[in-house]
Amino acid sequence: MTTELRGVPAASGAAIGAPWIHQPAGPQRSARTTVPAAAAAAAAELEALAERLRAEGQAAEAEIFDAQALMAADPELLDAATSAVDAGADPVAAIGDTGETVAATFEALDDEVLSARAADVRDVCARIARHLVGAAAPRLHQRSIVVAVDLPPSVTVELDRALLAGIALEGGSRTSHAAILARGLGIPAVVGVPDLVRIATGAGELAIDGDAGRLVVEPDDGVRADIAGRAAADGDRRAADASFAALPLATSDGHRVLCAANIGEPGEALGAFAAGAEGIGLFRTEFAFAGRSTAPNEQDQADAYATVLESAGGAPVVVRLADIGGDKPLPYLPIPTEANPFLGVRAIRLAASHPDLFPTQVRAILAASARTGRQASIMAPMVADADDVALVRGLVRDALAAVPDAPAPRVGIMVEVPSAVLLADALAREVDFMSIGTNDLTAYLLAADRTNAALAARQDPCHPAVLRAVARVVEAAAAAGDCEVAVCGEMAGDPVGALLLVGLGVDELSMEPSAFGAVKRAVASRTIDELRTLGTAAQVASSADAVRALVAA
Amino acid sequence: MAERDVEVRNPSGLHARPAASFVKAAGAFAADVRVTNLTRDEAKSASAKSVLGVMGLGVARGHRIRIVATGDDAEAAVTTLVDLVASGLGETIEEA
């Protein structure tokens, strides 16, 4: 019988496949080998996994499994589990309970780094348990929709990507590991589907629609035809997009725009360049500050920034100063409760109340720059006026005095506060580049809270007001002379948005690397004159929908 | 038996990669080596050859640890591990 389930859309696309249920190995199956033998097999498997990831250039992921391999071989873990078995416990239960005790110890230490490692301990013990019962490694035999309550990283990286058609989770969120993986692979994912595992167990077929957040168990012919048609169209489109990924970002008559990547972790830089990036247009640095109980010091930050400058090999890298605010307060960076953190004391507005935060970060960026011999571009978020620019210039001046052997950085600002758009002529004279953050700019211009799903229709950056703001910033930069304009919001990675932005005259589009192919293919289909005409016409359209209709015409 | 105290000064303490370096170095000795985090809990010790045990001591930068070894190469084990910790376990030590 056809059953339709609803969840949260987490990765775009549509697919049909057999459900493959991931069940953590439980004590219901009996052991067929000893704990030490199972642990040795698990450790060997983890080492091989780390090796493979390193060979694929995923150094950060590889380190997770290096650490897990060491845990699987840990003598205290094995002694404790073996003693329990000797005392009469079931081996599968023994390794699970021992791991749980260790994980609980980590969580009790009130140290965020260690708490995060508790998940690794549980993951390792689940793997040892799997070897104990002689269960095969998770393996897909046909095109499958993977179904689970949650999917640990060790399972996701081992699944055969050629057969992985989609991911559906009972728990999870758009930012969980499995959802990120799905978006990276270009397969659909739906998360937060109530009672999913029970309903999908025993089903023959599952259809997933990652755009609508819909799952259909045992789809009927109508649903099958709809999903199959979309999947085929998606496949054709992806193949066509992929053929453009490595080409320059240019119009059909050769007008070039720099194609840059947005990254949020140092380890993502290499992959971005491999995917066809010509620079890093937005290196978010919040990762260095999140998930810890004390502020990161200059050395730690410099190491992370140097990794990216090194990976870039001389290509431009725009490091954005920490965009921290009351929406995600940090234990060491108290921000009084605010009614509206997105209009609150966030980003560079924290400079006054936290006098060490930005001097340390700017020194770290320059130290990384000095160490690698690569020029960095420093970008300040939430700049509202010339005084804010002067503050950033002062930070850079002071840091250069402390790190005199660093190459002088390019200094730029995010344009996301509407006042910066109105003052763009004055600001453009003071900076080397401006990067328009269209997500926040759209929310602020249209007074539509990004976190309010009921306002989703009012958050389209293709709105004529946003286009006029972009045009105004481009004009201001041109008048000032030596100032480049980039766009680093999601609009840059949307083919329709990218066409409009190129037509409006921006110099650089910075996006998720997975969007390169689609954006390059779209831009290559038009001449620069066509896009300029489009950019002008779109500014007098009546709504975002009207703009999109104009682009499609 | 050999015993020395040392302050952990590398940025991430005995977490993650530094803990792995420490445990791998300890594993090269025949001696039984135990570690105590004097700053957090003097009564609790862990085997220096157990990465889970060492991580479970919650050693952060600035904590003092005690390394105690018993066995044939106890002296060499303690000297090697103390030097390794003092040198930052592969991380750069920043002067306060």
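The structure presented is a predicted model; accordingly, all values stated were derived computationally and were not measured. (Residues numbered from 1 in each chain as written. Chains lettered and ligands numbered in written order. Predicted model: local features only at pLDDT ≥ 70, side-chain atom pairs only at ≥ 80, totals over all residues.)

### Details of the overall build of chain A
Right, so step 1: Counting secondary structure elements, chain A contains 21 helices and 16 strands.
Right, so step 2: A burial count over chain A gives 46% of its 553 residues as buried.
Right, so step 3: Sequence-distant contacts, at least 24 apart, represent 66% of the contacts inside chain A between residues at least 6 apart. (Helix = DSSP H or I, 4+ residues; strand = E, 2+ residues; numbered from the N terminus. Buried ≥ 20, exposed ≤ 12 C-beta atoms within 10 Å, placed from the backbone. Contact = placed C-beta atoms within 7 Å.)

### Points about the confidence of the model for chain B
Right, so step 1: When the pLDDT values of chain B are averaged, the result is 89; 97% of them are 70 or greater.
Right, so step 2: Here helix H1 (residues 16-26) of chain B stands out as the element of chain B with the lowest mean pLDDT, 87, in contrast to strand E4 (residues 64-70) of chain B, whose mean of 96 is the highest. (pLDDT = per-residue confidence, 0-100.)

### Some words on the interface of chain B and chain A
Right, so step 1: On the chain A side, the residues contacting the 17 residues of chain B number 20 residues.
Right, so step 2: Among the elements of the structure, H1 and helix H2 (51-55) of chain B are those that each provide at least two residues to the side of chain B that touches chain A.
Right, so step 3: Ranked by residue count, the leading element in the side of chain B that touches chain A is H2(B), at 4 residues.
Right, so step 4: Taken together, the residues of the side of chain B that touches chain A break down into 8 nonpolar, 7 polar and 2 charged. (Nonpolar A, V, L, I, M, F, W, Y, C, P; charged D, E, K, R; others polar.)

### As for unusual backbone geometry
Right, so step 1: One non-glycine residue, A:Asp195, lies in positive phi territory at about 60°.
Right, so step 2: By secondary structure assignment, the location of A:Asp195 is in the loop between strand E6 (189-191) and helix H8 (196-200).

### With respect to helix H12 (residues 357-372) of chain A
Residue and element names in this part refer to chain A.
Right, so step 1: In this model, H12 (16 residues) spans 23 Å end to end at C-alpha, consistent with the 22 Å of a helix rising 1.5 Å per residue.
Right, so step 2: Lining the buried residues of H12 we find helix H11 (298-312), strand E11 (317-320), strand E12 (377-380) and helix H13 (386-402).
Right, so step 3: Taken from the residues just after H12, Gly373 is the one with a positive phi, measuring 70°. (Expected span 1.5 Å × (residues − 1).)

### A closer look at the pairing of strand E15 (residues 484-487) of chain A
Residues and elements named next belong to chain A.
Right, so step 1: As paired strands, strand E14 (residues 433-436) and E15 are joined by 4 bridges and run parallel to one another. Paired with Phe433 across the bridge in E15 is Glu484.
Right, so step 2: Taken together, E15, helix H18 (residues 495-504) and strand E16 (residues 508-511) constitute a β-α-β crossover, and its handedness is right-handed. (Pairing = 2+ DSSP bridges. Right-handed = clockwise from strand over helix to strand, strands pointing away.)

### A closer look at the sheet that holds strand E3 (residues 14-21) of chain A
Residues and elements named next belong to chain A.
Right, so step 1: Ordered in space as E1-E8-E7-E3-E4-E5-E6-E2, the 8 strands form an open sheet in which the pairing is mixed. The sheet is open, and its two borders are formed by strand E1 (3-6) and strand E2 (8-11), each paired with just one other strand. Going from strand to strand, the sheet's axes swing by 30° on average, the running direction of each strand aside.
Right, so step 2: Of the pairings in the sheet, the one linking strand E7 (residues 206-209) to strand E8 (residues 214-217) comprises 4 bridges and is antiparallel in character. (Axes fitted to C-alpha atoms, helices over the stretch in contact; angles between N-to-C directions.)

### Some points on helix H21 (residues 544-552) of chain A
Spacing of three or four residues puts side chains on the same side of an α-helix, whose turn is 3.6 residues.
All names here are of chain A.
Right, so step 1: Among all positions of H21, only Ala544, Val547 and Val551 are buried. Take H21 and look down its axis: the buried residues cluster within an arc of 55°, on one side only. For H21, exposure combined with an orientation more than 90 degrees from the buried face picks out Ala549 and Ala552.
Right, so step 2: Contact partners of the buried residues in H21: helix H17 (464-480), H18 and helix H20 (528-538). (Arc of directions from axis to C-beta.)

### Concerning the nonpolar core
Right, so step 1: Counting 103 residues, the largest nonpolar core has A:Ile280, A:Met434, A:Val473 and A:Leu509 as the members making the most contacts within it.
Right, so step 2: Top element by residues in this core is H17(A). It accounts for 9 residues.
Right, so step 3: Once you skip the residues sitting within four places of it in the chain, A:Val473 turns out to touch A:Val415, A:Val421, A:Ala424, A:Met434, A:Ile436 and A:Val485.
Right, so step 4: With 64 residues, the next largest nonpolar core counts B:Leu14, B:Val23, B:Val54 and B:Val85 among its residues. (Core = buried A, V, L, I, M, F, W, Y, C linked by C-beta atoms within 7 Å.)

### Things to note about the sheet that holds strand E9 (residues 258-263) of chain A
Residue and element names in this part refer to chain A.
Right, so step 1: With respect to topology, 8 strands assemble into a closed barrel ordered E9-E10-E11-E12-E13-E14-E15-E16, the strand pairing being parallel. Strand-to-strand twist of the sheet, defined as the mean angle between neighbouring strand axes without regard to direction, takes the value 25°.
Right, so step 2: Strand contacts of H11: strand E10 (280-284) and E11, with the helix running at about 160° to E11, the strand carrying the most contacts.

### Some details on the packing of helix H1 (residues 35-55) of chain A against helix H3 (residues 75-86) of chain A
Residues and elements named next belong to chain A.
Right, so step 1: Their axes nearest at 10 Å, the elements H1 and H3 cross at an angle of 150°. Of the two possible hands of crossing, H1 and H3 adopt the one that is right-handed. Touching Val35, Pro36 and Ala39 of H1 are Leu78, Ala81, Thr82 and Val85, all from H3. (Left-handed = near helix turned anticlockwise from the far one by under 90°.)

### Describing the packing of H11(A) against H12(A)
Residue and element names in this part refer to chain A.
Right, so step 1: Where H11 meets H12, the axes come as close as 8 Å, and the angle between the chain directions of the two elements is 45°. By the criterion of interaxial angle, the relationship of H11 to H12 is oblique. Relative to H12, the crossing made by H11 is right-handed. Counted together, Glu298, Gln301, Ala302, Tyr305, Ala306, Leu309 and Glu310 of H11 and Thr360, Gln361, Arg363, Ala364, Ile365, Ala367, Ala368, Ser369, Arg371 and Thr372 of H12 form the full contact between these two elements.
Right, so step 2: Of the residues in the contact of H11 with H12, the class split is 8 nonpolar, 5 polar and 4 charged. (Parallel < 35°, antiparallel > 145°, perpendicular 65-115°, else oblique.)

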